[in-house]
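Fold and contact review
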Amino acid sequence: MLKHKTSILFVNNAGKEKKAIQVPTVLLTAWRKWLITLVSVIVLLCVLVCFVIFKRTSHFYSAAYKNRLEQATRVQHEVNMEKVKASFRSIDQRMKQLNQLLGERGLSKLAVENAGGPEEFDLTDIEDVASVYDSGLGKMAEVIRNTPIGRPHFGDQTSGFGHRYNPFGTGSVESHSGLDFRGAVGDMVKVTADGVVAFAGTKGGYGNCIIIQHKNGFQTLYGHLSKILVKEHQPVKSGEKIGEVGSTGRSTGPHLHYEVWVNGVRTDPSRFTKL
């Protein structure tokens, strides 16, 4: 049947360069049948490929679901709930420590309700989650201890950071490098973060003065004190009493002068007295 062939002649637009090819006549007379056959074969192959992909995908997700279900079931029976509760109690304790540190600075407390997470949970790695929270809160407490936030004295603020009129009545404007807090001689002055005493003594217009070196480039200065209760190189803890309010040095009356330095540069302490 394929021996009977038909010649097809190709001629260009100029009528030259003729070229003939021979194809089986049956392909010309029954082309629809052959086309349908070809399309059917292609469709069949596509269906076969889709079926194989579906089976493999279905098997993968079935196995993954089964593995997850087995893991959840195993954890449900194996998790030490007492250990989980202990972890959450630890988180609550961390929150109480944070609030104690904030309270020492005269700042608002953080909410502690359900600090360790909800009582009902559905987590397969709950112990790891609790451990992460506990570690994170510990780091937060460390940052708060070493950052001079809050007020060193609870008296009213009488002067801010920046330019102000000269308090000695000359009418001139001067630059004020910190905050002033009104107080009575003998009032307690507290350090605003953990650190080490870098200076304790008389320092020019500051009068009796204490400078504390904190971590991360922070320094705090407490001036015009009536008493200095710490010595140089002495470590101090946030909230610890380090001196008493006075009126020594360049002062118009009993008050505390407070400065915050960041990497050797004076900055507005009001950025740190509030959260």
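Refer to the structure presented above.
Figured I'd write up the structure that's included with this text. (Residues numbered from 1 in each chain as written. Predicted model: local features only at pLDDT ≥ 70, side-chain atom pairs only at ≥ 80, totals over all residues. Heavy atoms only, no water.)

A few words on unusual backbone geometry. Backbone phi values are negative for most residues with the exception of glycine, while trans is the configuration of most peptide bonds. The backbone of histidine 224 sits at a positive phi, close to 65 degrees, despite the residue not being glycine. Tracing the backbone shows histidine 224 in strand E10 (residues 218–228). A positive phi is found at histidine 233, a non-glycine position, where the angle reads about 75 degrees. As for its position among the elements, histidine 233 is in the loop between E10 and strand E11 (235–236). Histidine 233 gets classed as exposed once you look at its relative accessible area, which sits at 65%. (Helix = DSSP H or I, 4+ residues; strand = E, 2+ residues; numbered from the N terminus. Buried < 20%, exposed > 50% of the residue type's maximum accessible area, 1.4 Å probe, protein only.)

Applying the stated criterion across every chain, the model contains two aromatic pairs. Look at phenylalanine 218 and phenylalanine 272: their rings are 5.6 Å apart centre to centre, the planes differ by 85 degrees, and that puts the pair in the edge-to-face class. Of the two residues, phenylalanine 218 is situated in strand E10 and phenylalanine 272 in helix H5 (residues 270–273); the sequence distance between them amounts to 54 residues. Taking relative accessible area as the criterion, phenylalanine 272 reaches 10% and is therefore assigned buried. For the ring pair tyrosine 222 and tyrosine 258, a centre distance of 5.4 Å and an interplane angle of 45 degrees mean the geometry is tilted. Separated by 36 residues along the polypeptide, tyrosine 222 in strand E10 and tyrosine 258 in strand E13 (residues 255–262) bring together distant segments of the chain. A relative accessible area of 0% means that tyrosine 222 is categorised as buried. Sitting over the ring of phenylalanine 199, lysine 203 keeps its end group 5.4 Å from the ring centre. (Phe/Tyr/Trp six-rings, centres within 6.5 Å; stacked < 30°, edge-to-face > 60°. Lys NZ or Arg CZ within 6 Å of the ring centre and 35° of its normal.)

Formed by 23 residues in total, the largest nonpolar core has its most connected members in Val189, Ile210, Ile212, Tyr222, Val236, Ile242 and Leu256. Listing elements by their share of this core, those giving two or more residues are helix H3 (81–104), helix H4 (126–146), strand E6 (179–182), strand E9 (208–213), E10, strand E12 (241–245) and E13. (Core = buried A, V, L, I, M, F, W, Y, C linked by side-chain atoms within 4.5 Å.)

Bringing the pattern of salt bridges into the picture now. Summed over the entire model, instances satisfying the criterion amount to four salt bridges. Of the charged contacts in the structure, one is a salt bridge between lysine 241 and glutamate 244, with a shortest N-O distance of 3.2 Å. Overall, glutamate 244 belongs to the buried group, its relative accessible area being 13%. (Salt bridge = Lys/Arg side-chain N within 4 Å of Asp/Glu carboxyl O.)

With that out of the way, let us pick up the side chain of threonine 220. With respect to the element layout, threonine 220 can be found in strand E10. A polar contact of 2.8 Å, which involves the side chain of threonine 220, links it to the side chain of histidine 214. Polar side-chain contacts of threonine 220 include one of 2.9 Å to the side chain of tyrosine 222. Beyond its immediate sequence surroundings of up to four residues, threonine 220 is in contact with Pro148, Thr192, Ile210, Ile211, Ile212, His214, Tyr258, Glu259 and Val260. (Polar contact = N/O pair within 3.5 Å; in protein donor to acceptor, adjacent residues only side chain to side chain. Contact = heavy atoms within 4.5 Å.)

Attention shifts here to the pairing of E12. Taken across its five residues, E12 has four buried, putting it largely inside the fold. Of the pairings in the sheet, the one linking strand E7 (residues 188–190) to E12 comprises three bridges and is antiparallel in character. Considered in E12, the bridge of methionine 188 is made with glutamate 244. When E10 meets E12, the two strands line up antiparallel, connected through three bridges. What sits directly across from leucine 225, in E12, is valine 245. (Pairing = 2+ DSSP bridges.)

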